[in-house]
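Examining the three-dimensional arrangement
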Amino acid sequence: MSPRRARRRDESRPVGLPRGMDRVEEWPDGEWKVRMLTGASSSKSYRCPGCDQEIPSGLPHLVSWPNWAGGDEERRHWHAACWRKRLDRGPGRSRY
């Protein structure tokens, strides 16, 4: 058995989108501020509103909230895939 090799960090992120910085995304359901989290800074677990599964501490994920005054009180922690697929959810389920 060969020894494990150190994995390289993924540096394919676009320039101008550093980790931990907020960005504004426009979706059919409005404008959202989104922050990518590496997971290293999270010390507790969260529940993803997209899949209703737990996001354990230390797992990279994102935080989003509406882009309006006072919208930061509506922050939610999401799995990245659940955030991208939230508009595809069936009727009767909340999208946020």
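Residues numbered from 1 in each chain as written. Predicted model: local features only at pLDDT ≥ 70, side-chain atom pairs only at ≥ 80, totals over all residues. Heavy atoms only, no water.

1. Considerations on the overall build of the chain
Counting its regular elements, the chain contains one helix and six strands. What you see in the chain, going N to C, is helices and strands ordered as β-β-β-β-β-β-α. Expressed as a percentage of its 96 residues, the buried residues of the chain come to 24%. Counting contacts in the chain only where the partners sit at least 6 residues apart, residues at least 24 apart contribute 43% of the total. Taken as a whole, the chain presents about 7400 Å² of accessible surface, with 48% of it coming from carbon and sulfur. (Helix = DSSP H or I, 4+ residues; strand = E, 2+ residues; numbered from the N terminus. Buried < 20%, exposed > 50% of the residue type's maximum accessible area, 1.4 Å probe, protein only. Contact = heavy atoms within 4.5 Å. Areas by Shrake-Rupley, 256 points an atom, 1.4 Å probe, with all protein chains shown as cover.)

2. Regarding the packing of aromatic side chains
Scanning the entire structure with this criterion turns up three aromatic pairs. A ring pair is formed by Trp27 and Trp83, whose centres lie 6.0 Å apart and whose planes are at 70 degrees; its orientation type is edge-to-face. A residue pair is termed long-range when its members are at least 10 positions apart, and Trp27 in strand E1 (residues 22-27) and Trp83 in helix H1 (residues 80-84) qualify at 56 residues. Both rings, one in Trp78 and one in Trp83, keep their centres 5.4 Å apart while their planes meet at 70 degrees; by these two values the pair is edge-to-face. The same class applies to Trp78 and to Trp83, which are both buried. Ring pairs connect the aromatic residues Trp27, Trp32, Trp78 and Trp83, which therefore count as one cluster. Across the ring face of Trp27, the terminal group of Arg86 is positioned such that the distance to the ring centre comes to 4.3 Å. (Phe/Tyr/Trp six-rings, centres within 6.5 Å; stacked < 30°, edge-to-face > 60°. Lys NZ or Arg CZ within 6 Å of the ring centre and 35° of its normal.)

3. Remarks on the pattern of salt bridges
Per the counting criterion, the structure on display carries five salt bridges. We note a salt bridge from Arg86 to Asp29, for which the minimum N-O separation is 3.1 Å. Within this pair, whereas Arg86 is found in the segment after H1, its partner Asp29 is found in the loop between E1 and strand E2 (30-37), the two being separated by 57 residues in sequence. Among the residues examined, Arg86 registers a relative accessible area of 0% and is labelled buried. Using a relative accessible area of 29% as the deciding quantity, one classes Asp29 as partly exposed. (Salt bridge = Lys/Arg side-chain N within 4 Å of Asp/Glu carboxyl O.)

4. Describing unusual backbone geometry
Positioned with a positive phi, Asp52 is a non-glycine residue whose angle comes to about 60 degrees. When you line up the elements, Asp52 lands in the loop between strand E3 (46-47) and strand E4 (54-55). Asp52 sits in the partly exposed class, given a relative accessible area of 48%.

5. Brief notes about the sheet that holds strand E5 (residues 61-66)
Taken in spatial order, the four strands of this open sheet run E1-E2-E5-E6, and their pairing is antiparallel. Every interior strand has two partners, whereas the edge strands, E1 and strand E6 (76-78), have only one. Each neighbouring strand pair of the sheet contributes to a mean axis angle of 35 degrees, computed without reference to strand direction. Taken together, the six bridges between E1 and E2 define a ladder with antiparallel strand orientation. Within the sheet, the bridge partner assigned to Glu26 lies in E2 and is Glu31. (Pairing = 2+ DSSP bridges. Axes fitted to C-alpha atoms, helices over the stretch in contact; angles between N-to-C directions.)

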